Amino acid sequence: DYHGRLLELKGVVWVPIQYEGQRQTLPLVIVAGRRPALLGRNWLKAIQLNWPRICTIDVGKQPQNETMEVEKMIRRHQAVFTEGYGAIKEFKATIHLSMKP
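Caption draft 1: Layout of the overall build of the protein. The number of helices and strands found in the protein is three helices and two strands. Across the 101 residues that make up the protein, the buried fraction comes to 8%. The long-range share in the protein, meaning contacts at least 24 apart out of those at least 6 apart in sequence, stands at 36%. Put simply, the protein shows about 10,300 Å² of open surface, and 58% of that area lies on carbon and sulfur atoms.

Caption draft 2: Structural context of the layout of surface pockets. If you add up the space inside the largest pocket, you get close to 610 Å³. Together, 20 residues line the largest pocket, and Leu7, Val29, Val31, Ala37 and Leu38 are the ones closest to its centre. Counting residues per element, the ones that place at least two in the lining of the largest pocket are β2 (22–31) and α1 (41–46). Looking at which element gives the most residues to the lining of the largest pocket, the answer is β2, with five residues. Looking at the lining of the largest pocket, its residues break down into 13 nonpolar, four polar and three charged.

Caption draft 3: Seen up close, the pattern of salt bridges. For the structure on display, the rule yields three salt bridges. Across the pair glutamate 8 and lysine 10 runs a salt bridge whose closest N-O atoms are separated by 3.3 Å. A salt bridge links glutamate 69 to lysine 72; its shortest N-O distance comes to 3.1 Å. Here glutamate 69 pairs with lysine 72, and both are found in helix α3 (residues 64–76), just three residues apart, close to one helical turn. The class for glutamate 69 is partly exposed, based on a relative accessible area of 43%.

Thresholds, definitions, all that
- Residues numbered from 1 in each chain as written.
- Predicted model: local features only at pLDDT ≥ 70, side-chain atom pairs only at ≥ 80, totals over all residues.
- Heavy atoms only, no water.
- Helix = DSSP H or I, 4+ residues; strand = E, 2+ residues; numbered from the N terminus.
- Buried < 20%, exposed > 50% of the residue type's maximum accessible area, 1.4 Å probe, protein only.
- Contact = heavy atoms within 4.5 Å.
- Areas by Shrake-Rupley, 256 points an atom, 1.4 Å probe, with all protein chains shown as cover.
- 1 Å grid on protein atoms, 1.4 Å probe; cavity = no way out; pocket = protein on both sides within 12 Å on 5 of 7 lines; lining within 4 Å.
- Points joined across faces, edges and corners; volume = space filled by probe spheres on them.
- Nonpolar A, V, L, I, M, F, W, Y, C, P; charged D, E, K, R; others polar.
- Salt bridge = Lys/Arg side-chain N within 4 Å of Asp/Glu carboxyl O.

Okay, structure coming up:
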């Protein structure tokens, strides 16, 4: 797994994959237990993923009610979203310095 622990393998099944016009038959490894899915390097070599599309968030396509909620939050916490430096009020901090020769 991602943490370097050994997994108990239950089997392998070859599955047909179709992604953005690409077709491959790739091995899907079945392991014991409830674990997050892993995408192996062999899959990444076989299929060219559209990383810009996968990793892009398009705020313009948010549902209207979500956009309104974000706008309300920005208005409610306007001080956080203004430009420039802010100040923390009613907060006391102590900084301890030590100098070693």
